[in-house]
Amino acid sequence: MTTAPTVVDALALATAVADDLVVATARDTHHAIARRAHGLVRRGAGPAAVPAEALHRGIAATVYGAVGLTFRGASLALARLADAGVGPALEDGPRGRFVNAAVNGLIGDEIRRERPRLAIEMAVRRDGRDVPLTPAGVNRAFPQATDRIVVFLHGLCENEDYWRRHRDRLGSTYGETLAARGWTPVHLRANTGLPLRENGVVLASLMQRLVDAWPTEVARIALVGHSLGGLIMRASSAVVADGDAPAPWSRLVSDVVTLGTPHLGSWFAVGADHASRTLARAPEVAAFGRIIDRQAPGIHDLIEGLAHDVPPLPHARYRLVSATLTRSPRHPVAQTIGDLLVTPRSAVGRDRRGTDLFPGAEVLHLGRTDHFGLLNHPDVHTALARWLA
């Protein structure tokens with residue numbers, strides 16, 4: 001039996017989802033529409049319509065049952081093959097890692113419960129693999145480690161490879177830019193479908209183990225988070241060790257940079273929540289609402305973000321980067337959808353009453369940029385070089 005996920009694992013999950021979502025949604029929607037239609041017929045045609053309704057229900061139940069049984073049988077057969085180690089490793093290539101990260105982001109808690117082999121564990125990553133957080137493992141991964149560590153954490157449904165976006169065009173990544181200035185870049189990967197605060201606790205533990213295993217004494221840590229990654233970093237810095245004392249690693253944090261982080265929530269997550277509640281009121285479309293509502297806790301946590309109960313570290317400098325599709329952040333479109341997922345107010349933690357989550361923080365706005373453009377942007381390269389000088 002293999003412990004590494006294979007492509008067959010992914011196929012088994014896909015067939016199970018096809019039964020659970022596609023077939024079940026079609027069946028429930030069909031039944032709801034049929035009930036309403038036959039109800040109208042009964043009122044117009046009387047008792048004679050009842051046998052036709054019963055026949056329709058029987059045929060529909062047989063068809064959907066057969067299709068569902070086929071998918072469930074295929075999923076079970078594929079799962080047994082995966083248990084036997086059949087198929088190539090899912091994470092041997094960037095496409096497989098992309099798929100696994102996306103699936104974990106969408107239904108990460110469900111994956112952990114029902115298909116643990118596919119569940120991503122938070123880890124330091126190097127060349128597409130986890131780095132053992134032992135002195136030997138860390139030394140092998142970072143042979144030229146300096147006393148300054150810059151940690152990068154991706155957003156929802158992403159992985160560490162996303163930080164290389166547009167590298168072919170720009171010629172560098174944020175990590176490479178800072179490595180040239182004496183920092184050692186460390187990229188993490190997380191299961192972004194898990195609850196936000198749970199990921200924060202896991203990250204706090206990981207950071208302490210990383211510092212303990214680091215080849216040299218750590219003098220300074222900078223945290224750089226994209227989107228949900230910035231929230232997880234905030235949650236981790238609030239985890240305490242002994243009593244009310246902050247964890248030793250967090251005392252080393254000198255800078256926190258968030259890129260398009262929904263500190264006050266994402267309008268997209270709020271809209272999805274409202275859509276699921278609205279659809280649930282009508283039987284004919286309630287199944288579609290359940291699809292939306294199935295999203296992982298990590299997505300639900302984007303509805304509100306993290307408010308004042310997670311204050312900034314008093315000794316760290318905060319830099320908040322927002323983006324908008326329009327040139328100006330004051331444009332009505334920018335105020336409504338921001339960078340497609342996060343508005344500029346949420347990205348800088350300032351609500352409509354003018355209350356600031358990060359008093360004194362430096363703010364950078366990037367116009368005509370979308371949410372994913374923040375992962376590798378020339379202006380952010382320049383800002384990081386200045387902020388972490």
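What you are looking at is a predicted structure, and each value in this text was computed from that prediction instead of being measured.

Caption draft 1: Representation of the nonpolar core in the model. V124, V151, V186, L203, I221 and W249 are the most contacted members of the largest nonpolar core, which has 45 residues in total. Going through the elements one at a time, α4 (135-141), β3 (148-153), β4 (184-189), α7 (196-213), β5 (220-226), α8 (228-237), β6 (253-259) and β7 (317-324) are the ones with two or more residues in this core. At eight residues, α7 tops the list of elements feeding residues into this core.

Caption draft 2: Examining the pattern of salt bridges more closely. Following the criterion strictly, the structure yields 17 salt bridges and no others. Between R197 and D309 there is a salt bridge, with the nearest N and O atoms lying 2.7 Å from each other. Here the residue R197 occupies a position in helix α7, and D309 occupies one in the loop between α11 (297-300) and β7, the gap between them amounting to 112 residues. You can call R197 partly exposed: its relative accessible area is 46%. Between R350 and D356 there is a salt bridge, with its nearest N and O atoms 3.4 Å apart. When salt bridges with common partners are traced through the structure, they connect E91, R125, D130, E160 and R189 into a single cluster.

Caption draft 3: Broad picture of the sheet that holds strand β8 (residues 362-367). One open sheet holds the eight strands; their spatial order is β2-β1-β4-β3-β5-β6-β7-β8, and the pairing between them is mixed. Looking along the sheet, the strands with just one partner apiece sit at the ends: β2 (129-130) and β8. Pairing of β5 with β6, which is carried by six bridges, proceeds in the parallel orientation. Residue pairing for β6: I221 is matched across the bridge by V253.

Caption draft 4: Summary view of the packing of α7 against α8. Between α7 and α8, whose axes approach to 7 Å, the crossing angle comes to 65°. For the pair α7 and α8, the sense of crossing is right-handed. For the pair α7 and α8, the contacting residues are L196, R197, N199, G200, L203 and A204 in the first and L228, L231, I232, M233, A235 and S236 in the second. Tallied by class, residues from the contact of α7 with α8 come to eight nonpolar, three polar and one charged.

Caption draft 5: Quick peek at the packing of aromatic side chains. Applying the stated criterion to the full structure yields six aromatic pairs. An angle of 15° between the planes, with centres 6.3 Å apart, marks the rings of F98 and Y162 as stacked. On the criterion of sequence distance, the pair formed by F98 in helix α3 (residues 94-114) and Y162 in the loop between β3 and α5 (167-170) is long-range, its members being 64 residues apart. For F98, a relative accessible area of 43% puts it in the partly exposed group. Geometrically, the ring pair formed by W267 and F268 is edge-to-face, given 5.7 Å between the ring centres and 80° between the ring planes. Taken together, F152, W163 and Y174 form an aromatic cluster joined through their ring pairs.

Caption draft 6: Expanded view of unusual backbone geometry. Even without a glycine there, the phi angle at S227 is positive, about 55°. Summarising the element assignment, S227 is placed in the loop between β5 and α8. The phi angle at L340 is positive, at roughly 100°, despite the residue not being glycine. Within the fold, L340 resides in the loop between α12 (332-337) and α13 (344-348). Given the relative accessible area of 42%, L340 is considered partly exposed.

Criteria and cut-off values
Residues numbered from 1 in each chain as written. Predicted model: local features only at pLDDT ≥ 70, side-chain atom pairs only at ≥ 80, totals over all residues. Heavy atoms only, no water. Core = buried A, V, L, I, M, F, W, Y, C linked by side-chain atoms within 4.5 Å. Buried < 20%, exposed > 50% of the residue type's maximum accessible area, 1.4 Å probe, protein only. Helix = DSSP H or I, 4+ residues; strand = E, 2+ residues; numbered from the N terminus. Salt bridge = Lys/Arg side-chain N within 4 Å of Asp/Glu carboxyl O. Pairing = 2+ DSSP bridges. Axes fitted to C-alpha atoms, helices over the stretch in contact; angles between N-to-C directions. Left-handed = near helix turned anticlockwise from the far one by under 90°. Contact = heavy atoms within 4.5 Å. Nonpolar A, V, L, I, M, F, W, Y, C, P; charged D, E, K, R; others polar. Phe/Tyr/Trp six-rings, centres within 6.5 Å; stacked < 30°, edge-to-face > 60°.

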